[in-house]
Amino acid sequence: MILREDFLSDAHKFMRRADGTLMKFVSIGRKSSYKRDSESTSHRMEEKMINVVGVRFRTAGKIYYFAPGTFELVQGSHVIVETARGVEFGTVMIAPRELPEEKVIQPLKPVLRIATPEDEKTEEKNRQKEKEAFRICLEKIQKRGMEMKLVDAEYTFDNNKLLFYFTADGRIDFRELVKDLAAVFRTRIELRQIGVRDETKILGGIGICGRPLCCNTFLSEFAPVSIKMAKEQNLSLNPSKISGVCGRLMCCLKNEEETYEYLNSRLPSIGDYVTTFDRLRGEVQSVNVLRQTVKVIVEIDDEKEIREYKIDQIRFKPKRRKNHTKLSPEELKELSALEDKGKSKIDDAH
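**Focus on the pairing of strand E14 (residues 293–300)**
Bridge analysis of strand E13 (residues 281–288) against E14 gives five bridges, and the strand direction is antiparallel. What sits directly across from Glu283, in E14, is Ile297. Counting the residues that bridge the hairpin from E13 to E14 gives four residues, and of these Gln292 lies at a positive phi of roughly 60°. With eight bridges connecting them, E14 and strand E15 (residues 303–310) associate as antiparallel partners. The partner of Ile300 across the bridge, within E15, is Glu303. The hairpin turn running from E14 into E15, its antiparallel successor, is two residues long, and Asp301 in that turn takes a positive phi close to 50°.

If you want it as structure tokens, here you go:
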């Protein structure tokens, strides 16, 4: 029997038998796949890696990468590093590791040294000086009658700069206040206006769950939270129920959003008609998202009855979920005010 070869595509090779049927050469596909895998491996090997260490400057603050140099650093070590705003005292949160160069913001500033006992004492003195600076700044604000709320004072490790964080309803002209503070402290003064979420992150507190606030204990960055997330989780849209200590939507609404989106996608909407496994057809009266059950109003012998079914016991046509929550324009405006998509301004100077 005579065979001839036909190349029907770049990826696969076929041979045609005399009777007209095609026979596929699987080995060619394997070679092609092997070639692609080899090229991918080669690309990864050529990818330039860079050694970094992750450092944090305040509790639950953002982690920044620095060049570790030849220092032997472990998680929890205290280090002195060079930052955009001066020399700073930080804590190692991520031990030295290699990362692809494109994932690291350049230029990478160095770790100057591992913190010495003297450095530890200097840092403690700075914390005490910050309390005095806070008191003095508060007096200056009250003396000038400025409508601003002082939240925190912070010295850089080398005392080259003193930062004051405050909140206010609008823009504040604090030029004269800066002059007053510079005359007292004899160093560079920076006043930074922050949002209510940043204020809560700095001050801390206890949430309605009875636990310390997430933003003050472990959340390094704020995730955007929207009213849609509360609706997806079938929560009460009462502002006092879904807002946190800061007066904005609770950050924890984001935690289970993905799970609720998946579970809701498997359920019918209230008011939809479904067919049950026992061949009854009825209207959905309610759904239990977590248990994945549905209560259906069915008609049996001319009488209506509510029966509960598991999701795999009913059939329905999936469609976009209906929003049954009716809100007035005033309520919508009030809820929209709870959304805060602003970026944190605490750590953006490092």
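Back to the text.
**Some details on the packing of aromatic side chains**
Under the definition given, this model contains six aromatic pairs. Ring geometry for Phe57 versus Phe66: centroids 6.0 Å apart, planes at 80°, classification edge-to-face. For the pair Phe57 and Phe66, one class covers both residues: buried. Ring centres of Phe89 and Phe157 lie 6.1 Å apart, and the angle between their planes is 25°; this geometry places the pair in the stacked category. You can see Phe89 sitting in strand E7 (residues 86–100) and its partner Phe157 sitting in the loop between strand E9 (149–155) and strand E10 (161–167), a full 68 residues away along the chain. The exposure class assigned to Phe89 is buried, which follows from its relative accessible area of 10%. A network of ring pairs unites the aromatic residues Phe57, Tyr64 and Phe66 as a single cluster. One cation-aromatic arrangement involves Lys201 over Phe222; the distance from NZ or CZ to the ring centre is 5.7 Å.

**Regarding the pattern of salt bridges**
The full count for this structure, using the stated rule, is 18 salt bridges. One salt bridge in this structure joins Glu88 and Arg85, with 2.6 Å as the shortest N-O distance. Classification of Glu88 by relative accessible area gives buried; the value is 5%. Between Glu123 and Arg127 there is a salt bridge, with the nearest N and O atoms lying 1.9 Å from each other. Of this pair, Glu123 and Arg127 are both found in helix H2 (residues 117–144), four residues apart, which corresponds to roughly one turn of the helix. Residue Arg127 is classed as partly exposed on the basis of its relative accessible area of 27%. Bridged by salt links that share partners, the residues Arg58, Arg85, Glu88 and Glu154 form one connected network.

**What about the sheet that holds strand E4 (residues 49–56)?**
Pairing in this open sheet of five strands is antiparallel, and the strands run E5-E4-E7-E6-E8 from one edge to the other. The open sheet has two free edges, formed respectively by strand E5 (63–66) and strand E8 (111–114), since each of these has just one partner strand. Going across the sheet, the axis of each strand differs from the next one's by a mean of 45°, ignoring polarity. H2 contacts strand E6 (78–83), E7 and E8 of the sheet and is inclined by roughly 120° relative to E7.

**Some points on helix H8 (residues 257–265)**
The complete set of buried residues in H8 reads Glu257, Tyr260, Leu263 and Asn264. The arc that holds every buried residue of H8, seen down its axis, measures 130°, which confines them to one face. H8 presents Glu258 and Tyr262 as exposed residues on the side facing more than 90 degrees away from its buried surface. On the buried face of H8, the contacting elements are helix H6 (227–232).

**Brief notes about the environment of Asn288**
Looking at the secondary structure, you find Asn288 in strand E13. Each C-alpha atom, one on Asn288 and one on Leu267, is 8.9 Å from the other, the two residues being 21 residues apart in sequence. In contact with Asn288, other than residues within four places in its own chain, are Leu267 and Thr293. Side-chain polar atoms of Asn288 contact the backbone nitrogen of Arg291, separated by 3.0 Å.

**Thoughts on the sheet that holds strand E16 (residues 314–315)**
Strand order in the open sheet formed by five strands is E15-E14-E13-E12-E16, with antiparallel pairing between adjacent strands. Of all strands in the sheet, those with a lone pairing partner are E15 and E16, marking the two edges.

**Things to note about the nonpolar core**
Phe164, Leu181, Phe185 and Leu191 are the most contacted members of the largest nonpolar core, which has 17 residues in total. Within the residue set of this core, elements represented by two or more residues are H2, E9, E10, helix H3 (175–185) and strand E11 (188–193). The greatest single-element share of this core, amounting to four residues, is contributed by H2. Those residues within four positions of Phe185 in sequence are excluded, and the remaining contacts are Ala133, Ile136, Tyr155, Leu162 and Phe164.

**Things to note about the environment of Cys252**
Mapped onto the elements of the fold, Cys252 is located in the loop between helix H7 (239–242) and H8. Separated by 29 residues in the primary sequence, Cys252 and Ala223 have C-alpha atoms spaced 9.5 Å apart.

**A few points about a negative patch on the surface**
On the surface, Glu299, Asp301, Asp302 and Glu303 cluster together into a negatively charged patch. Mapped onto the elements, Asp301 comes out in the loop between E14 and E15. Take Asp301: its relative accessible area is 72%, and that puts it in the exposed class.

Reading guide: rules and limits
Residues numbered from 1 in each chain as written. Predicted model: local features only at pLDDT ≥ 70, side-chain atom pairs only at ≥ 80, totals over all residues. Heavy atoms only, no water. Pairing = 2+ DSSP bridges. Helix = DSSP H or I, 4+ residues; strand = E, 2+ residues; numbered from the N terminus. Phe/Tyr/Trp six-rings, centres within 6.5 Å; stacked < 30°, edge-to-face > 60°. Buried < 20%, exposed > 50% of the residue type's maximum accessible area, 1.4 Å probe, protein only. Lys NZ or Arg CZ within 6 Å of the ring centre and 35° of its normal. Salt bridge = Lys/Arg side-chain N within 4 Å of Asp/Glu carboxyl O. Axes fitted to C-alpha atoms, helices over the stretch in contact; angles between N-to-C directions. Contact = heavy atoms within 4.5 Å. Arc of directions from axis to C-beta. Polar contact = N/O pair within 3.5 Å; in protein donor to acceptor, adjacent residues only side chain to side chain. Core = buried A, V, L, I, M, F, W, Y, C linked by side-chain atoms within 4.5 Å. Patch = residues over 30% accessible without salt bridge, like charges linked within 9 Å, V, L, I, M, F, W, Y side chains within 5 Å. Areas by Shrake-Rupley, 256 points an atom, 1.4 Å probe, with all protein chains shown as cover. Lys, Arg positive; Asp, Glu negative; His and termini not counted. Charge placed at Lys NZ, Arg CZ, Asp CG, Glu CD.

Read these as geometric descriptors, not functional statements.
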